[in-house]
Amino acid sequence: MKEYTEMEIDALKEFVNVGTAHAATALSKLIDKTVTVDIPDLALVPVTKVPEKLGGAEIPIVGLYFKILGDITGSVLLFFPADTASSLTALLMAGIKPENHVEFEEIERSAMMELGNILTNSYINALADMIDAQIFISVPFYSSDALGAVVDYLLIEIAQEVDYALLMETEIKSPDAKLEGNFIIFPDTPSLERIFKKVGIA
Amino acid sequence: MDVISVGIGEYIVAKNACLLESISLGSCVGIALHDPVTKVSGLAHIMLPDSALSRSSQAPSPKFADVAVAKMLEEMTRLGAVRAKITAKIAGGACMFQSAVPDPSMNIGDRNIEAVKKLLENAKIFLVAEDTGKNYGRTIVFDTTSGKLTIKSAKIGTKEI
């Protein structure tokens, strides 16, 4: 299991913070509400403990998954608690009132995928500018289910290589609108080394 | 009855009456093994099909289906189970994500189910019942006394196999 120095952790925090700030700005413009970013939470977590660390395997969420390609490879998961997802679709499609715990209709699903696209592009573009790299994202992959069931695909990908995940999680919040969401980025190991090199600590 | 949680990539073997539970399986597969005579049972929550695919140099982990089944069989027989009596039920292996452009690499659930079935066949363990595939998460509870596997999902409700 790899140990990370304090300097490396700080660099990664700064890295994801810049990305999340851009995504928060994009969300703020879309919904016309103040959106704030929490201090990134970085932790080396055993893969088996990730669902617990993210709030519990059973909580209902809407997750948007993207593959990252280019100079940095890996994946990004953006997820919202189910009630936040309902509020977001309501804000995005004024006039249509979604009900909690009811499966999102096709149009709402599309709206969430498009929202994910916009936010994740802001996030990834900011990271790419910061380290002067070319990074692209795949089309969005959508899932609405219990957190454990949504994140296990990611954990399976990580578990092929290692038993610990460097969890880089940032939370965005809009206290006015009672919204919250989480960005998690999982660069693969060679990409992490590349990030360290680009920020001058490798 | 005691409820014992089986985390992702883990397995538990039990001799006494209890409920073995795995919460929110997505593409992962739950493998429940049961000897109806001695009631010795086990539940594994596997993530990947085969340890031969491992890119890690560490000891074989029960996150792989082959390792989990081998370890459960070994421990169950040590606890008195009769190898030839052991049967299996499986659940999970969903494809959790959908997209405008389908990507076959997202179907790890299918590959997991296929691998687990082949594994059971090779080990001559009879697959009694399954609730696999589709696109939703499942919480499973395995009753070691009756061998019943209860599957709960937010979308479909509760069923028993």
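Heads up: these notes are all about the structure in this document. (Residues numbered from 1 in each chain as written. Chains lettered and ligands numbered in written order. Predicted model: local features only at pLDDT ≥ 70, side-chain atom pairs only at ≥ 80, totals over all residues. Heavy atoms only, no water.)

Residues and elements named next belong to chain B. The backbone of Ser24 shows a phi angle near 50 degrees, a positive value even though the residue is not glycine. By the secondary structure assignment, Ser24 is in strand 3 (residues 19-25). Its relative accessible area of 4% is what places Ser24 among the buried residues. (Helix = DSSP H or I, 4+ residues; strand = E, 2+ residues; numbered from the N terminus. Buried < 20%, exposed > 50% of the residue type's maximum accessible area, 1.4 Å probe, protein only.)

Residues and elements named next belong to chain B. The strand order across the open sheet formed by five strands is 2-5-4-6-7, and the pairing between neighbours is mixed. Each edge of the open sheet is held by one strand with a lone partner, namely strand 2 (11-14) and strand 7 (126-132). Strand-to-strand twist of the sheet, defined as the mean angle between neighbouring strand axes without regard to direction, takes the value 10 degrees. Alignment of strand 4 (residues 29-34) against strand 6 (residues 87-92), held across six bridges, turns out to be antiparallel. (Pairing = 2+ DSSP bridges. Axes fitted to C-alpha atoms, helices over the stretch in contact; angles between N-to-C directions.)

All names here are of chain B. Evaluated as defined, the whole model comprises seven salt bridges over all chains. Of the charged contacts, one joins Arg78 and Glu74 as a salt bridge, the two residues approaching to 3.0 Å between their closest N and O atoms. Placement of both Arg78 and Glu74 in helix 1 (residues 65-78) is noted, with a separation of four residues, approximately one turn of the helix. Using a relative accessible area of 60% as the deciding quantity, one classes Arg78 as exposed. Overall, the relative accessible area of 46% leaves Glu74 in the partly exposed class. Two residues, Lys159 and Asp131, come together in a salt bridge whose shortest N-O distance is 3.0 Å. Within this pair, whereas Lys159 is found in strand 10 (residues 157-160), its partner Asp131 is found in strand 7, the two being separated by 28 residues in sequence. The class for Asp131 is buried, based on a relative accessible area of 4%. Look at the salt bridges and you will find they share partners, linking Asp131, Arg138 and Lys159 into a network. (Salt bridge = Lys/Arg side-chain N within 4 Å of Asp/Glu carboxyl O.)

All names here are of chain A. Where helix 3 (residues 82-92) meets helix 4 (residues 106-130), the axes come as close as 10 Å, and the angle between the chain directions of the two elements is 95 degrees. In terms of orientation, helix 3 and helix 4 fall into the roughly perpendicular class. For the pair formed by helix 3 and helix 4, the contact residues are Ala85, Leu88, Thr89 and Leu92 on the first element and Glu108, Ala111, Met112 and Leu115 on the second. Residues of the contact of helix 3 with helix 4, tallied by class, amount to six nonpolar, one polar and one charged. (Parallel < 35°, antiparallel > 145°, perpendicular 65-115°, else oblique. Contact = heavy atoms within 4.5 Å. Nonpolar A, V, L, I, M, F, W, Y, C, P; charged D, E, K, R; others polar.)

Turning to the interface of chain A and chain B, a few remarks are in order. Each side of the interface is counted separately: chain A has 32 residues, and chain B has 30 residues. Summing the contributions of chain A and of chain B, the shared interface buries around 2600 Å²; its carbon and sulfur component is 58%. On the surface where chain A and chain B come into contact, there are two salt bridges. Residue B:Lys155 pairs with A:Asp145 through a salt bridge whose shortest N-O separation is 3.8 Å. Between chain A and chain B we count 13 residue pairs in polar contact (both at pLDDT 80 or more) in total. (Buried area = accessible area lost by both parts, 1.4 Å probe. Polar contact = N/O pair within 3.5 Å; in protein donor to acceptor, adjacent residues only side chain to side chain.)

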